[in-house]
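Read off the chains here:
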Amino acid sequence: MAPAAAHAQAADDGLPETGSKNPYSPLDVPTKLAPESRSLSDLLTDGYAITTASHVAKGEIFTLRKDRKTILCVLTAPFTQSDQNVPTSRCWALN
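Residues numbered from 1 in each chain as written. Predicted model: local features only at pLDDT ≥ 70, side-chain atom pairs only at ≥ 80, totals over all residues. Heavy atoms only, no water.

Colleague: Is there a simple way to explain the overall build of the protein in this structure?
Modeller: Secondary structure summary: the protein contains one helix and five strands in total. Among the 95 residues that make up the protein, the fraction classed as buried is 19%. Of the roughly 7400 Å² of accessible surface on the protein, a fraction of 57% belongs to carbon and sulfur atoms. (Helix = DSSP H or I, 4+ residues; strand = E, 2+ residues; numbered from the N terminus. Buried < 20%, exposed > 50% of the residue type's maximum accessible area, 1.4 Å probe, protein only. Areas by Shrake-Rupley, 256 points an atom, 1.4 Å probe, with all protein chains shown as cover.)

Colleague: So what exactly am I meant to see when it comes to the confidence of the model for the protein here?
Modeller: When pLDDT drops low, the exact placement of atoms in the prediction is not to be read closely. Averaged over all residues, the pLDDT of the protein is 82; the fraction at 70 or higher stands at 80%. Low pLDDT, under 50, characterises residues 1-10; the predicted model gives this stretch six contacts beyond four residues in sequence or across chains. (pLDDT = per-residue confidence, 0-100. Contact = heavy atoms within 4.5 Å.)

Colleague: Would you explain the pairing of strand β5 (residues 88-93) in this entry?
Modeller: Bridge count for strand β1 (residues 34-36) against β5 is three bridges, and the pairing is antiparallel. Residue pairing in the sheet places P35 in a bridge with W92 of β5. As defined by bridge partners, strand β4 (residues 69-76) adjoins β5 across six bridges and the pair is classed as antiparallel. Residue pairing in the sheet places I71 in a bridge with A93 of β5. (Pairing = 2+ DSSP bridges.)

Colleague: Looking at this structure, how should I read the nonpolar core?
Modeller: Note that soluble globular proteins tend to have their nonpolar side chains buried in a common cluster. Formed by L40, L43, Y48, F62, L64, I71, C73, C91 and A93, the largest nonpolar core amounts to nine residues. Filtering out sequence-adjacent residues up to four positions away, L64 remains in contact with L40, L43, L44, Y48, A49, I50, T51, K69, T70, I71 and C73. (Core = buried A, V, L, I, M, F, W, Y, C linked by side-chain atoms within 4.5 Å.)

Colleague: Help me out: how do you make sense of the sheet that holds β5 in this one?
Modeller: Within a sheet, neighbouring strands are paired by backbone hydrogen bonds and run either parallel or antiparallel to one another. In space, the five strands of this open sheet follow the order β1-β5-β4-β3-β2, with antiparallel pairing throughout. Looking along the sheet, the strands with just one partner apiece sit at the ends: β1 and β2 (49-56). On average, each strand axis in the sheet is inclined to that of its neighbour by 25°, with strand direction left out of account. When strand β3 (residues 59-66) meets β4, the two strands line up antiparallel, connected through seven bridges. Residue T63 lies in a different strand from β4, and its bridge partner there is L72. (Axes fitted to C-alpha atoms, helices over the stretch in contact; angles between N-to-C directions.)

Colleague: What should I look at first to understand the pattern of salt bridges in this one?
Modeller: Between side chains of opposite charge, pairing is possible as soon as their charged atoms come close. For the structure shown, the criterion picks out four salt bridges. The closest approach of N and O atoms between K66 and D46, which form a salt bridge, is 3.5 Å. Of this pair, K66 sits in strand β3 while D46 sits in the loop between α1 (40-45) and β2, and the two are 20 residues apart along the sequence. For D46, a relative accessible area of 36% puts it in the partly exposed group. Connected via shared salt-bridge partners are E36, R38, D46, K66 and K69. (Salt bridge = Lys/Arg side-chain N within 4 Å of Asp/Glu carboxyl O.)

Written as structure tokens, this is what we have:
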């Protein structure tokens with residue numbers, strides 16, 4: 001048996017690290033992220049539906065879908081210990 005350090009370590013998200021010697025570990029592939037000028041709330045009002053949600057250190061990440069278009073948004077809540085006193089969102093079109 002090989003020592004535990006010899007095995008590929010999973011990333012914090014539980015997925016195999018890129019380049020690890022694992023048949024389920026794909027290579028990193030460049031992905032287009034086109035900045036979206038609308039806010040998360042505007043996209044939801046426009047008929048986009050949230051299909052996934054996940055918590056990360058910087059806020060919440062949402063995947064939105066409408067027809068055949070997919071958008072990724074990060075929602076950052078107000079932080080009273082800084083000058084950010086309103087929720088903000090940043091969104092990118094994936095296709």
